[in-house]
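# Examination of the molecular architecture
Listed below, chain by chain, are the residues.
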Amino acid sequence: MSRTRSVAGSGQGIHRRSVLAATGAVALSAGAGYALRPSDSQAATAREATEAVAASSRQAPAAPLAPYTKGTTVASVATPRAGSGYRRLGDGPGWQRVVRSELAAPKSGRAGRRTALAAFVQLTDLHIIDAQHPLRLEYLRSADVHAWRPHEALTVQGAISLVERINALRGAPVTGAPLHFAMTTGDNTDNNAKSELEWFLKVMSGGRITPNTGDPRRYEGVQNSGLKQYWQPDAALRDADKQAGFPRLDGFLQAAIREVQSPGLNLPWYSTVGNHDSLPMGCYASHRDSYLTDLAVGGKKLMDVPAAEAKRLQTLIKKARDPRGMRYHDFLKSHARAMRSVTPDERRAPFTPAEYIEAHLDPAFRGVGPVGHGYSSANLDAGTQYYAFRISDDVIGISLDTTDAGGHYEGSIGSAQLRWLDRTLRENKDSYAVIFSHHTSRTMTNTRPDPARPRERRLGGQEVLALLGSHRNVLAWVNGHIHKNVITPHSAPDGRSFWEISTASHVDFPQLARVIELADNKDGTVSLFTTLVESSAPHRTDFSDLSQTGLAALYRELSLNAPGASTTLGGNPKDRNTELVLKKG
């Protein structure tokens, strides 16, 4: 496959070879890209395809492109300062770039030869949380201290700060190419709640957000419950977290539910679905359970259960013994008398897959586009949540739905979607391909049937790996779910190879997103550059600063100190800032 075009000089047109490769393309918004067969619905006409334009967020600068590392983890990383107990963050040295050669030997002089093909940002596992939702599982903390995080009321402020960081990037860190788009790879919401979905869409597309449900005047949840197992920031109570060094912050909860403003991303963004977006609690196929739906919007909330009972419920979830939530239903009924009164709110209702797509298609959440953020009316008609789109002249993106509607938090893929993936790669064999999904190859082990398609076979990560390895044009599989930076090489016979890039979440420390650049080295190899970025919030916190920015900084520091939090989610140096070399014909 000859690769002669670059993002720097591609302008706004699509050359004929790319259009012909994209048979059945469907035009989206001007200047924001076009989708490639999001379902088996009627394809667009050839004329519509030729009028489409490539996804591009900013015009390439007239001057030569230059690397832009300001605001990335190459320049500096939030680092714990010396001390014990509650640890404060400060400015630390950046993470160096590691060249990985497992799939191809890097050749000297490639930096002077290479041409940028595309550059984009991956956000994953934002977990926008309605912290007062009645169906949250905070009470599992009595058995597992990390089942509830002290910073969960600040996910909106933290995500806005990440958007601000991405907006400030003037170009890609290595090639200097303009960023084409951003992609979220699932778990955009935390509890499949309509309130969370609205907040997520406003974070990404811009708008005013009041991260509060229930009583509009005050917070009603575990953090002002008087229960010692939760951090009570506004109270003098010596709770378990304060005993570990957490501060008392008068006014914290009122500040957490105060209206905030998101500028929205200043580049096109696309969306991929995760299990927390598809299933209540991220694990229960319980949309048809009217009792659970009534509890979600109602005026009762369970906040505390004995450790032994919490452990039993957690075991059922982890071992996938209750995928439909029937035993969870019974568990809540048995604790009805222990529930506390809260203010009912219809906005907390769960959303269906169709409502998820409809929300993305809502003009109110368009931002800079594209319309639907990858999803289209064809997805609604077909009942699917996967699609393809053109990234640049020589690169397509493919977003998969790896969630299992049968329940449980691990994933799989239906046989129809796998056939569509194979067909899309074959029909675009003259374009490089980047695959996006929520689940990693190792976490696609849940093959219970989809209730909407009970006879369809479900396939796991190994089958997806085998399919991707059979196509020469696949460069990378980009995903999340595991909340950890891991980069894995995959090779197949006849020199076919690709990289699997899994990125840490933005809810658990170190709270990261990743810039990914694709470059043709003009020597038979391609380099993928991965560069991690933090939010724009300052590394150092000020306990007296409860502004939107101050809360975003607290969000990061509180996540560092969350009891039971893993200290390895940042990954090894080879999983962070890298150059990933692979051989491509």
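Described in the following lines is the structure provided in the data block. Values in this document were obtained by computation on a predicted structure and should not be read as measured data. (Residues numbered from 1 in each chain as written. Predicted model: local features only at pLDDT ≥ 70, side-chain atom pairs only at ≥ 80, totals over all residues. Heavy atoms only, no water.)

## What about the pattern of salt bridges?
Note the following rule: Salt bridge, as applied in this entry: a Lys or Arg side-chain nitrogen positioned within 4 Å of an Asp or Glu carboxyl oxygen. Helix and strand definitions follow DSSP, with helices as H or I runs of at least four residues and strands as E runs of at least two, each counted in order from the N terminus.
Across all of its chains, the model carries 29 salt bridges by this definition. Arg348 is the salt-bridge partner of Asp130, the closest N and O atoms lying 3.8 Å from each other. Here the residue Asp130 occupies a position in the loop between strand S6 (115–123) and helix H4 (155–168), and Arg348 occupies one in the loop between strand S12 (340–341) and helix H12 (353–361), the gap between them amounting to 218 residues. Put simply, Arg136, Glu138, Arg149, Glu152, Asp190, Lys301 and Asp508 are held in one network by salt bridges that share partners.

## Description of the pairing of strand S21 (residues 513–520)
Quick note on the threshold: The classification of residues rests on relative accessible area computed with a 1.4 Å probe and restricted to protein chains. Under 20% of the type maximum is buried, over 50% is exposed, and intermediate values are partly exposed. Note on pairing: DSSP must find at least two bridges between two strands before they are called paired.
Counting buried positions along S21 gives 8 out of 8 residues, so the element sits mostly inside the fold. Burial along S21 is two-sided: Ala513, Val515, Glu517 and Ala519 and Arg514, Ile516, Leu518 and Asp520, pointing in opposite directions, are all buried. Strand direction decides the pairing type here: S21 and strand S22 (residues 525–533), joined by 8 bridges, are antiparallel. Residue pairing across strands places Glu517 opposite Phe529, the latter belonging to S22. Hairpin geometry of S21 and S22 is characterised by an intervening segment of 4 residues between the two adjacent antiparallel strands and by a positive phi of about 60 degrees at Lys522.

## Here's the deal with helix H11 (residues 326–334)
Quick reminder of the rule: Along the arc lie the directions from the helix axis toward the C-beta atoms. Here, residues are in contact when the closest pair of their heavy atoms is within 4.5 Å.
Restricting attention to buried positions, one finds in H11 the residues Tyr328, His329, Phe331 and Leu332. Along the axis of H11, the buried positions cluster into a sector of 160 degrees, meaning they face one direction only. Against helix H9 (290–297) and helix H10 (307–318) lie the buried residues of H11.

## Remarks on unusual backbone geometry
Residues Gly369 and Pro370 are joined by a peptide bond in cis, for which omega reads -5 degrees. Checked against the element boundaries, Pro370 lands in the loop between H12 and helix H13 (377–382). At the junction of Phe509 and Pro510, the peptide bond is cis and its omega measures out at 20 degrees in the coordinates. Following the sequence through the fold, Pro510 ends up in the loop between strand S20 (497–502) and S21. Even without a glycine there, the phi angle at Ala320 is positive, about 55 degrees. Within the secondary structure, Ala320 sits in the loop between H10 and H11.

## Some points on the sheet that holds strand S5 (residues 98–103)
Stated precisely, the cut-off is as follows: Helix axes use the C-alpha atoms of the stretch in contact, all axes being lines fitted to C-alpha atoms, and the angles between their N-to-C directions lie in the range 0 to 180 degrees.
Pairing within the open sheet is mixed, and its 7 strands lie in the order S5-S23-S22-S21-S6-S7-S10. Unpaired on one side and paired on the other, S5 and strand S10 (269–272) mark the two borders of the sheet. If you compare each strand with its neighbour and ignore which way they point, the axes differ by 25 degrees on average. Inspection of the sheet shows S22 paired to strand S23 (residues 578–583) by 6 bridges, in the antiparallel sense. Pairing of Leu528 across the sheet is with Leu580, part of S23.

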